[in-house]
Structure formats: structure tokens, C-alpha cells
Amino acid sequence: MKKILLGNEAIVKGALSAGVDFVSGYPGCPSAEIGQGFLDISKESKIYTEWSTNEKVALETAIGASFSGLKSLVNMKSFGINVCSDSLLPLAYTGTKAPMVIVVADDPACHSSAQSEQDSRGYAHLAQIPLLEPSTPQECYDLTILAFQISEKFNTPVLLRPTTRVAHQRAVVEFQDYVKKDEMKKGEFIKNPHQFSTMPPRTLEMKKELLDKIEKIKQFAEKSKANYISGGKSKLGIIASGVSYLYALEALEEMNLNIPVLKLGFFYPLPEKKVKDFIKGLKTVLVAEEIDGYIEREVVRLAKYTNPKLQIFGKNVLSTIGELNADKLGLALAKITGKKFKVNKIKEINLPKRTARLCEGCPYWYIFPALKRIAPDAIFGGDIGCNMIAGLPPHSMHDYLFSMGASLGISHGVKKSTNQKVISLMGDGTFFHAGIPALINAVYNKSNPLVVIADNRITAMTGHQQNPGMGKTGTNEVTEELKIEEIAKACGVKNIKVLDPINAKEFEDTVREFLGKEEVSLIVCRRICALLAKRQSNN
Amino acid sequence: MENKTFNVILSGVGGQGIVTLLSILDQAAFIDGYDIKSSELHGLSQRGGSIEAHVRFGKKVNSPLIQIGKVDLIIGLELTEGLRSAEKSSNQTKILINDYYFPFNDSLKLEMVKGYLDKISSNISIIPASKICKEKLEKDVVAGTYLLGYAVSKGLIPIKKESFIQAIKEVIPAKYQELNIKAFQLA
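Residues numbered from 1 in each chain as written. Chains lettered and ligands numbered in written order. Predicted model: local features only at pLDDT ≥ 70, side-chain atom pairs only at ≥ 80, totals over all residues.

Draft legend 1. Main features of the overall build of chain B. Counting its regular elements, chain B contains seven helices and six strands. For chain B, the C-alpha radius of gyration of 15 Å lies close to 16 Å, the compact-globule estimate for 187 residues. Each of the three principal axes of chain B carries a C-alpha extent, and together these read 45 × 35 × 35 Å. Counting the 187 residues in chain B, one finds 58% classified as buried. (Helix = DSSP H or I, 4+ residues; strand = E, 2+ residues; numbered from the N terminus. Rg over C-alpha atoms; globule rule 2.2 N^0.38 Å. Buried ≥ 20, exposed ≤ 12 C-beta atoms within 10 Å, placed from the backbone.)

Draft legend 2. Quick peek at the overall build of chain A. Within chain A, the secondary structure is distributed over 19 helices and 20 strands. Against the 2.2 N^0.38 benchmark of 24 Å for 539 residues, chain A shows a C-alpha radius of gyration of 25 Å, consistent with a compact globule. Over its C-alpha atoms, taken along the principal directions, chain A stretches across nearly 75 × 65 × 50 Å. Within chain A, the fraction of its 539 residues that count as buried is 52%.

Draft legend 3. Representation of the interface of chain B and chain A in the model. With 40 residues of chain B at the contact, the number on the chain A side is 39 residues. Those elements that place two or more of their residues in the side of chain B that touches chain A are helix 1 (18-31), strand 2 (35-39), helix 2 (79-86) and helix 3 (110-120) of chain B. Among the residues forming the side of chain B that touches chain A, the class breakdown is 13 nonpolar, 18 polar and nine charged. Of the pairings in the sheet, the one linking strand 8 (residues 169-174) of chain A to strand 2 of chain B comprises three bridges and is antiparallel in character. Looking at the pairing, Ala171 of chain A lines up with Lys37 of chain B of strand 2 of chain B. (Contact = placed C-beta atoms within 7 Å. Nonpolar A, V, L, I, M, F, W, Y, C, P; charged D, E, K, R; others polar. Pairing = 2+ DSSP bridges.)

Draft legend 4. Structural context of the packing of helix 6 (residues 161-171) of chain B against helix 7 (residues 174-186) of chain B. All names here are of chain B. Running from amino to carboxyl end, helix 6 crosses helix 7 at an angle of 160°, the nearest separation of the two axes being 9 Å. Considering the angle they form, helix 6 stands roughly antiparallel to helix 7. Considering how the two elements wind past one another, helix 6 and helix 7 form a crossing that is right-handed. Here Phe164, Ile165, Ile168 and Lys169 of helix 6 lie close against helix 7, whose contacting residues are Gln177, Asn180, Ile181 and Phe184. The class makeup of the residues in the contact of helix 6 with helix 7 is five nonpolar, two polar and one charged. (Axes fitted to C-alpha atoms, helices over the stretch in contact; angles between N-to-C directions. Parallel < 35°, antiparallel > 145°, perpendicular 65-115°, else oblique. Left-handed = near helix turned anticlockwise from the far one by under 90°.)

Draft legend 5. Spatial organisation of the pairing of strand 13 (residues 284-288) of chain A. Residue and element names in this part refer to chain A. Counting buried positions over the five residues of strand 13 gives four, a clear majority of the element. Inspection of the sheet shows strand 10 (residues 236-241) paired to strand 13 by five bridges, in the parallel sense. Bridge pairing in strand 13 places Gly237 opposite Val285. Both strand 13 and strand 14 (residues 311-313) contribute to a ladder of three bridges, which runs parallel. Considered in strand 14, the bridge of Val285 is made with Ile312.

Draft legend 6. Molecular detail of helix 2 of chain B. Residues and elements named next belong to chain B. Of all eight residues making up helix 2, eight are buried, and the element is well covered by its neighbours. Considered for burial, the residues of helix 2 that qualify are Leu79, Thr80, Glu81, Gly82, Leu83, Arg84, Ser85 and Ala86. Buried-residue contacts for helix 2 involve strand 1 (6-13), strand 3 (50-58), strand 4 (73-76), strand 5 (94-98) and helix 3.

Draft legend 7. Structural view of unusual backbone geometry. All names here are of chain A. Here Cys29 and Pro30 are connected by a cis peptide whose omega angle stands at 15°. Relative to the elements of secondary structure, Pro30 occurs in the loop between strand 2 (22-25) and helix 2 (32-45). With an omega dihedral of 5°, the bond running from Pro393 to Pro394 counts as a cis peptide bond. Of note, Pro394 is situated in the loop between strand 15 (379-382) and strand 16 (400-401). If you check the backbone angles, Gln128 has positive phi at about 60° while not being a glycine. A residue is classified by how many C-beta atoms lie within 10 Å of it, and Gln128, with 19 of them, is partly exposed.

Draft legend 8. Spatial organisation of the domain arrangement of chain A. Per the domain assignment, the segments of chain A are domain 1 (2-177 + 193-223), domain 2 (228-337) and domain 3 (363-538). Taking only C-alpha atoms into account, the centre of domain 2 of chain A sits 47 Å from that of domain 3 of chain A. (Domains from an automatic or database assignment.)

Draft legend 9. Here's a closer look at the sheet that holds strand 9 (residues 228-230) of chain A. Residue and element names in this part refer to chain A. In space, the five strands of this open sheet follow the order 9-11-10-13-14, with mixed pairing throughout. Single-partner strands in this sheet number two, and they are strand 9 and strand 14. Across this sheet, the average inter-strand angle for adjacent strands is 20°, counted without regard to direction. Relative to strand 11 (residues 261-264), strand 9 runs antiparallel, the two being bridged by three bridges. Each residue of the ladder has a partner; that of Ile229, found in strand 11, is Leu262. Strand contacts of helix 10 (residues 244-255): strand 10, strand 11 and strand 13, with the helix running at about 145° to strand 10, the strand carrying the most contacts. With respect to the sheet, helix 11 (residues 272-280) is in contact with strand 9, strand 10, strand 11 and strand 13, its orientation differing from that of strand 10 by roughly 155°.

Draft legend 10. Examining the environment of Ile458 of chain A more closely. Inspection of the secondary structure puts Ile458 of chain A in the loop between strand 18 (450-455) and helix 17 (484-490). Sequence separation between Ile458 of chain A and Arg526 of chain A is 68 residues; the distance between their C-alpha atoms is 11 Å.

Draft legend 11. The arrangement of the sheet that holds strand 4 of chain B in detail. Here eight strands make up an open sheet; going across it, the order is 1(A)-8(A)-2(B)-3(B)-1(B)-4(B)-5(B)-6(B) and the pairing mixed. Strands with a single pairing partner mark the edges of an open sheet, and in this sheet they are strand 1 (2-6) of chain A together with strand 6 (124-127) of chain B. The mean inter-strand angle of the sheet, taken between neighbouring strand axes irrespective of direction, is 20°. Direction of pairing for strand 4 of chain B relative to strand 5 of chain B: parallel, over a ladder of four bridges. Bridging across to strand 5 of chain B, Gly76 of chain B finds its partner in Ile97 of chain B. The strands touched by helix 1 (residues 7-17) of chain A within the sheet are strand 1 and strand 8 of chain A, with strand 1 of chain A carrying the most contacts at an inclination of about 120°.

In C-alpha cells:
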């Protein structure tokens, strides 16, 4: 079957073809359409799918499935791998039982990411887990299937790392329609603590097994079709990964250059022999990869033995910051070859930037200005989600912004270190994701920041995914509705108020009162997301 | 169409339906037998921020992004955002912009935006698509589909008209198909 698919849709199709049984994840951009894609078909596909409370829990959920014999897929954005890394590293040691693929979508240029321009490929080295990089939706499909195969063959989790321009690229994909299951698969957990428990001295034995396994996977990578050479013969060559490969092809076509390009689908373990054979006959090589120069460093290392005179270009001609494109590749090639490459000039007007803004009718319009008015001197901790817009004009309120739930941990530190008033603002999704341990810490250590939870009844920013506060699962099944105020109470918070922020006087009076308290206080500003309300009334 | 890849930039403000418009264009090009690649953005950038999506079709398309000065057609759903994309135009680029102004903090005044648009290219048509759709169809959300129809009727996109109608039927949910087909054929 041939159809236009978004990269993320192609990952879903690939996993379906591979016979996935179990999907968990946490929504983020640019990966959210993967989990959503499975949720949309979970009734007919009979594939268990959930949004988990955070990426660590999502990974652990899939580990449980794998140990019970179910094929699993975990989906998350770049920062998700930071959250789940605590369980990711031991997973490399235990290995999987049934195959598992972990999709981590990076966002070069931070189109939809605040906290850092992270190159998650580093985790492949850190955790010693194979990592594949697709360039196109077709490769999203093919490499997802390959990832499951590798996982099955070697009992290792496999990372698949698309970037925004791959996950959100549309192109024609040739794929097989999947075979529907008759019923949701149930596995069996067969006890095997020797494999599943990391406990010294077994841990070091496991490390040895892991290193042996990686050697075998390296041999597999050497023969894999995921790494291939295109183009003609020349003393100049390119080694490219991910979407950079496409930019390289574009630039070469324009410059009328027919030179060999080694496309690496395998990032880790690197097919070293393949790379050595490629660079052996070259005088010059350009390594084209986005963000960090991981592959370049490997090429430098390998060239020392294979071709010490090889001239290696990479991050000295292609920036470590932001995305690449065909113009940047063309300019790099022009620098190396002395050939001309014309980059058209932008007709610069210096238009002011139109940043994200709160939607019409957004409940946060009643929260941000009120807080600013009542407590102009307060230190203001911002958090991730739609409430992040508090950091942009016209609000410009953030004094710090880090990661999911971090506003509260930092606010506690500021509060303990100063005599200043501190307000921490986070959304409902973020509170469930990572806010609760920080709240417990603030109460336990006798701090007193004011926590304002902007509860718009959904995880809105990434495209309206369900969360534990809604009383609905990802597949819209009715479930326990977890109340933020009850969790806060159980965490020992004494001063709690639930209100509708549209009641300005009540909100303002409460903020004033709570800012004077000796203990942690928490206000739940509960009002439904305006887009969600509109959608519900349309249905 | 010769061997060259045809490049379209669609721009506007998050929420104006750029991704839907892109899907129609992608599908129509696919129906006409072209290779396609397109690039879009979701998430933070969609919450009322600037949106620019790229669509490329031809015999064989490599990159999903269009280089500066290589765009054949720009369809802007909002004046400032149309102008922002026009910064990347060449003298050959055809530019269609919806006569709809959606200001933001620090935004340029309408007269200034129009002034820049006059200067930046001689190939710009400013079309009251939102107004026409509101008057004739009572919905301005289909302004983009109208502009697509306008571009096709003026021969600015090398894709058959019937392929667009077919694409709308394949891409748009049933209850909005008729509205979109009407908007497409209005121009």
C-alpha cells in the first residue's frame, strides 16, 4: 500500500507491521502523534495503549510488558529520555524479554521545546542501547520494523530517534497493512530474577553480557541495509545521518557534484568497518549531522588508524546550534571544494516575532495578570505546558523556567535561601508528571512557597491528551478522577483553595492571604481549556 | 511541468488550518503522480504563533525544506505572516495573501505591513479571501481552501483541478467536505 504519511504516522504503521502488542508513552512535541495514533485505533487494533503519568513510568510499564512476553513501544519527546534514564540504564543490563522499541523525538532549533537543544543520541553511548536514525517517513516505517527485529534478535531495547523535520515530514510511504488481532494479547510473566533483577555482584556480570551483546550487534550493523552508500566515486565524500542526508543530497544536486555519501541508519553501535572502508580511499570527508558532532568524533578516532592524512570536516563548517538545511550544506561543501554555491539573500525586513499566545477565552488570562498585579515583587517560577506562555509577552513573568515540575523544586530552594515571596505556577498535567515529589519536599522541609496549579482539565499544549485529573484514560475509558487538592492534602499541605479564576476577587484575596502563610499553600485554579470547551459543545 | 521541483510555502497564524491546507496540497500532488515531501510544525509553535509549512513536489524530491529564494508560490493566510514568508521570495515567486490582519504584541501597524508588501515583490496579490468566504459561505475558516482554488484557477499550481477535489474528499472529514469544495470552486 502507498500513502502519504507523516513520519510519526509511519512509525505507528511500522510498529503495527512488526506486531506490537503494548504501547505506553507521554505526549510531547514532536512525538505526540505516535501515542495518539495508537490510541485512535486501540479499540479495533486490540493493542493496549496508554498515556502514562510520565516517561519514567511509561518506560517501566513497557518493561513490565516485555518481561511478560508482550512486544512494546514507548514514545516520548527528547526530554522524556532524561526523565526515564534512571530505568533505561538498568534495562540495558537486564535486556528485554519480548522486543521493545523506544522512540525519542528530538527537536533541533527548539521549535516546540523550551529547556535545551538536546541531542538525545548521547544516551545511546551512555546506556549502551542501539540507536537508529531515520531520514524520511519511509525510513520511519522501515527502521521501526528493523528496530523490533534487532530487539528480538539480541534481547535489547532499541532506540529510534527521529527529529522534528523527520517526525513532521510528510512523504509517500510504501507499507504493509497490519493483521488485526482477534483479542488483546495476554502474556505470562515467567519468574527469572537472574535476568530481571540488577543486584550486585550480578550487576557486573550483566555489564559483561551487555558489552558482548553490543559487539554482536556491531557485526549485525556492519551488514545492515540501514547503512548505505549513494553517489559516484570521488576523493571527497560525505557521511550523513538523519535529515542531514536529505540536505546533503539537495546541495549536491544543485552543485552538480557526484560524490559518495555514506548514509548511517545505525548511530550506535557504529558499523566501524563500514566507516573505515568508506574513508580509506578518501582525501576529504564531511560529516553532516545535526546538533552535536558524535559521528564526527568517531570518524576522527577511526581515521587515526585507517587514513591518518584524511581531512575531516564537520562541526567546524556546520553549526552545533540550530537545524541544518541544504543552504548550510552547500556552503560547507563550497568551503571544502572551492566550488561556488549561491545562497539567495533573504529580503530582510526584521519583522517582530509572533510568539505563541494564550487562546481566546483561555482560563489563564484570568490567572497571569492577576498574579502580576497582586504580587509584583514576588519571585515567579514558571513551568512547562501552556502556562509556559506566562514567560512570553505581554506577560513576561518568568524568573526561571526549567523542566516539568521544576518550578516548585527551585521555588523551595529560593524560599529557603531568601526572605522573598515566591510563587510557583504549573499546569495540571505537569503536577501529575513531576510536581508531586517537589510538593512533598517543600512540605517536609518546612518551606512556604505559594503553588498555583492552573488546572485546565487536560494536557493542552501538546494537543489535548488525557491526564489523571480528567477521570478519562487515553482511550476515553472512565477511570478514577484524581483530585489535585486531595493529593496536596495527603502531601500535608495545610492551606488549600480550589476556585474558578474567573472569580477575580476570590482569587486575589486568596493569593494575598496565602502569600502571608508560614506553610506551603496551594491554589487550584480550575477552569476548562477554552478549546476543549468549544470542542465539547460542538460534539 | 519540467523536471524542476515545485515549491510552495503556506504561512499564517497557528490555528488557521495550515496543516489541513498542506494535507490537501500534498494529496493532490500525490494523485497527479508526483513525488512529494512537506514539512510542518506542531505544538508550542501552533499556539497562535507564526506557522510556515513547506510543500515540495516533482519527479524526485530530496529535502522537505525550501531554500531561500527558491519558492514558486507563497500562500499567506494573514498579512504579516504572508510578508514574513515573502522575505524568502525571489522575483519569480508568485505571492497570494489573504487580506486579513491579526495583530499581536509589538506587531507592525496594518499600513506598514501593506507598505512593505508593496515594496517586497511586484508579484503579490492581496485577496479578500476571509471576507469572500464569510459572505458567500458564512465561514472564514476555509479562506485557505479558497486561496488554493484561486491559485489553481490562475494556473499558478501545476496540479489538475479535479485532483484537488479528489484530495479534499480524501483528506477532509465528511462533514466539512462540501464546504471546502465550495470554497475551492468559488474562485
